[in-house]
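The chain contents come next:
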Amino acid sequence: MAEILAVGEAMERALSLLEGGDVIAIPTETVYGLAGDATNGAAVARIFEAKGRPRFNPLIAHVADLAMANRMAAFDPLSTKLAEAFWPGPLTLVLPQRTENGIHPLVTAGLDTIALRMPRGFGGELIARLGRPLAAPSANSSGRISATTAEAVAADLGEKIKLVVDGGATPVGLESTIVKIADGKLRLLRPGGIAARDIEAVAGAKLMRGAAGIQAPGMLASHYAPDASMRLNAGKIASGEALLAFGRKRAEGWQDAVALRNLSEAGDLREAATNLFAYMQALDRSGAATIAVEPIPADGLGEAINDRLARAAAPRDQID
Ligand code: TXA
Ligand code: MG
C-alpha cells in the first residue's frame, strides 16, 4: 500500500522515487496527478500501466518555469502571452514540439505537438528540484473519476504506487483547460479550470471549438465513469435515484432521493467545480443505480462541468 506523506515532509522521498524511475501521486491545483520523469521511458510506461490507459493517449508534460517550457516547445507571441497570464495555473497549451527536447516519445504518443502546463505549489517546486518535466495524467484508473483528494488516489491506485503526496483537497477540482495554438489560431480542446472567456479576453481572439481531426484523444466519449448510470438535466427525481443538486431550487421529488449532494447551494460554478468529482464519488458509493443531476448553467466554468457530466453519462463502450 502506498505511503501517504503531507506536502511539507514529502519532497526528498518524492525526488528519490522519481529519480529512480518510479511514479508517484502529487497534488496540483486542478486534480491529483500520477507523475513520472517525462524523459524516462520506463517511468512513462509505468504511468500507463498503473492507469490501465490506452497507449495512444498522450500525456501533459508539466514544467517548472517558462525557460523549461521554451526548451520543450516553440512559443509564438500569443502562446507566450497566455503562458504569462495564466501560469502557474490550470491552463495546458498544445504547441509545436522542439526536436531533441529529451521528452520520451511515449509522452506525446509520437505527435509533433506537446501539451505543456505549469502547476502551482508542490508540483512546481518538485519539477524545479528534479530539473526535468514530469509527465502526469490525472491520478485515477483509466475511465474513472479524477481524484481530488489523497484518500481517493490511495483507494484507487494505492496498490500500484509507492507514494501519495497529500496536499489536501485540490482547490480547482477540474482538470486544466487545454488550448491548442497553431499558426496563430487558438482551439479549445478541452474545457477546464479556466473559463474559455477568460482566455479569449487575454488573447483578444475567439477560441475555435469542435472537431478538426483528432484533438485530445483523451476526449473519448465515455470518461469519468461512476458505477451508477447518470441522468442529466433531471427535472424530477425517480425513487431509488441519488441526486446531484445545484443551487437553491430542488427538482421535484428530491425528498425521495437515496442520497443527496449539492454542488453549490449558492449557485456558484467555481464551488461546484471544486466539489464535482468528490460528490459524484460519494453518490456512487451510496449504491444507487442512477445518479440524477439537476440542470447546471453552461456559462463560464459551467462549460467544463457539463462536459465532464456528459462524459460520465455517455455509453460505456469507449473508455479512456
Ligand atoms: O489538470 C490537468 O490537466 C491534470 C493535472 C494532473 O495536470 N492532468 C490531466 O491529464 O488531466 P490527462 O492525461 O488526464 O489529460 C490530458 C489530455 C488528454 O485528453 C490528452 O489526450 C491531451 O491532454 N493531450 C496531451 N497531449 C496532447 C497533444 N499533443 N495534442 C492534443 N491533445 C493532447
Ligand atoms: Mg484524466
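Now for a description of the structure that goes with this document. Only a predicted model underlies this, so the values are computations on that prediction, with no experimental measurement involved.

## Focus on the sheet that holds strand E14 (residues 290-293)
Here is step 1: On the basis of which strands lie adjacent, the open sheet formed by four strands has the order E11-E14-E12-E13 and parallel pairing. The open sheet has two free edges, formed respectively by strand E11 (229-231) and strand E13 (260-262), since each of these has just one partner strand. On average, adjacent strands in this sheet sit at an angle of 20 degrees to one another, irrespective of strand direction.
Here is step 2: Relative to E13, strand E12 (residues 242-245) runs parallel, the two sharing three bridges. Residue Leu244 lies in a different strand from E13, and its bridge partner there is Arg261.
Here is step 3: Packing of helix H9 (residues 269-285) onto the sheet brings it into contact with E11, E12, E13 and E14, and relative to E12 it is tilted by some 165 degrees.

## So, the packing of helix H4 (residues 77-86) against helix H8 (residues 196-203)
Here is step 1: Close contact between H4 and H8 brings their axes to 10 Å; oriented N to C, the two are set at 125 degrees. Looking at the two axes, H4 sits oblique to H8. Like other packed secondary-structure pairs, H4 and H8 cross with a definite hand, here right-handed. Residue-level contacts link Leu78, Lys81, Leu82, Ala85 and Phe86 of H4 to Asp198, Ile199, Val202 and Ala203 of H8.
Here is step 2: Here the contact of H4 with H8 is built from residues that sort into seven nonpolar, no polar and two charged.

## Some words on unusual backbone geometry
Here is step 1: In this structure, Pro88 follows Trp87 across a cis peptide bond, with omega equal to -10 degrees.
Here is step 2: With respect to the helices and strands, Pro88 occurs in the loop between H4 and strand E5 (91-96).
Here is step 3: One non-glycine residue, Glu100, adopts positive backbone phi at about 55 degrees.
Here is step 4: Positionally, Glu100 belongs in the loop between E5 and helix H5 (105-108).

## Some remarks on helix H2 (residues 41-51)
Residues spaced three or four apart along an α-helix face the same direction, because each turn holds 3.6 residues.
Here is step 1: For H2, every residue scored as buried is listed here: Gly41, Ala43, Val44, Ile47, Phe48, Ala50 and Lys51.
Here is step 2: Structurally, H2 contributes buried residues whose contacts are with strand E3 (33-37), H5, strand E7 (134-135) and helix H7 (150-157).
Here is step 3: N-capping of H2 is provided by Asn40, with a side-chain oxygen placed 3.0 Å from the backbone N of Ala42.

## So, the packing of aromatic side chains
What characterises a pair of aromatic rings is the spacing of the ring centres plus the angle enclosed by the ring planes.
Here is step 1: As enumerated under the stated definition, the model contains one aromatic pair in all.
Here is step 2: Judged by centre distance (6.2 Å) and plane angle (75 degrees), the rings of Phe75 and Trp87 are edge-to-face. Of this pair, Phe75 sits in the loop between helix H3 (66-72) and H4 while Trp87 sits in the loop between H4 and E5, and the two are 12 residues apart along the sequence.
Here is step 3: Residue Phe75 is classed as buried on the basis of its relative accessible area of 15%.

## So, the nonpolar core
Here is step 1: Ranked by internal contacts, the top residues of the largest apolar core, which has 69 residues, are Trp87, Leu93, Leu116 and Leu126.
Here is step 2: Top contributing element to this core by residue count: helix H1 (residues 7-19), with six residues.
Here is step 3: If sequence neighbours within four positions are ignored, Leu93 has contacts with Phe75, Ser79, Leu82, Ala83, Trp87, Ile114, Ala115, Leu116, Val179 and Ile181.
Here is step 4: Among the nonpolar cores identified, the runner-up in size contains 27 residues, and Ile145, Ala273, Phe277 and Leu283 belong to it.

## So, the pairing of strand E10 (residues 185-190)
Here is step 1: In terms of burial, E10 is a largely internal element, five of the six residues being buried.
Here is step 2: Sheet topology note: the strand E9 (residues 177-182)/E10 ladder contains five bridges and is antiparallel. Across the sheet, the residue bridging to Ile181 is Leu186, located in E10.

## Details of the side chain of Ser79
Here is step 1: Topologically, Ser79 is positioned in helix H4.
Here is step 2: The class for Ser79 is buried, based on a relative accessible area of 1%.
Here is step 3: Excluding anything up to four places from it in sequence, Ser79 contacts Leu93, Leu95 and Ile181.

## A look at H1
Here is step 1: If you check H1, its first and last C-alpha atoms are 18 Å apart, about what 13 residues at 1.5 Å a residue would give, namely 18 Å.
Here is step 2: Along its length, H1 shows its largest kink, about 30 degrees, at Arg13.
Here is step 3: Every buried residue of H1 is accounted for by Ala10, Met11, Ala14, Leu15, Leu17 and Leu18.
Here is step 4: Each element contacted by the buried residues of H1 is listed here: strand E1 (3-6), strand E2 (24-26), E3, helix H6 (122-130), E7 and strand E8 (163-166).

## Looking at the environment of Asp284
Here is step 1: By the secondary structure assignment, Asp284 is in helix H9.
Here is step 2: The exposure class assigned to Asp284 is buried, which follows from its relative accessible area of 14%.
Here is step 3: Separated by 21 residues in the primary sequence, Asp284 and Leu263 place their C-alpha atoms 15 Å from one another.
Here is step 4: Excluding its chain neighbours within four sequence positions, the residues that come into contact with Asp284 are Arg144, Pro226, Asp227, Ala228 and Ile291.
Here is step 5: Here the side chain of Asp284 touches Ala228 through a polar contact of 2.9 Å, landing on its backbone nitrogen.

Reading the values: rules and limits
Residues numbered from 1 in each chain as written. Chains lettered and ligands numbered in written order. Predicted model: local features only at pLDDT ≥ 70, side-chain atom pairs only at ≥ 80, totals over all residues. Heavy atoms only, no water. Pairing = 2+ DSSP bridges. Helix = DSSP H or I, 4+ residues; strand = E, 2+ residues; numbered from the N terminus. Axes fitted to C-alpha atoms, helices over the stretch in contact; angles between N-to-C directions. Contact = heavy atoms within 4.5 Å. Parallel < 35°, antiparallel > 145°, perpendicular 65-115°, else oblique. Left-handed = near helix turned anticlockwise from the far one by under 90°. Nonpolar A, V, L, I, M, F, W, Y, C, P; charged D, E, K, R; others polar. Buried < 20%, exposed > 50% of the residue type's maximum accessible area, 1.4 Å probe, protein only. Polar contact = N/O pair within 3.5 Å; in protein donor to acceptor, adjacent residues only side chain to side chain. Phe/Tyr/Trp six-rings, centres within 6.5 Å; stacked < 30°, edge-to-face > 60°. Core = buried A, V, L, I, M, F, W, Y, C linked by side-chain atoms within 4.5 Å. Expected span 1.5 Å × (residues − 1). Bend = angle between axes of the 7 residues up to and from the residue.

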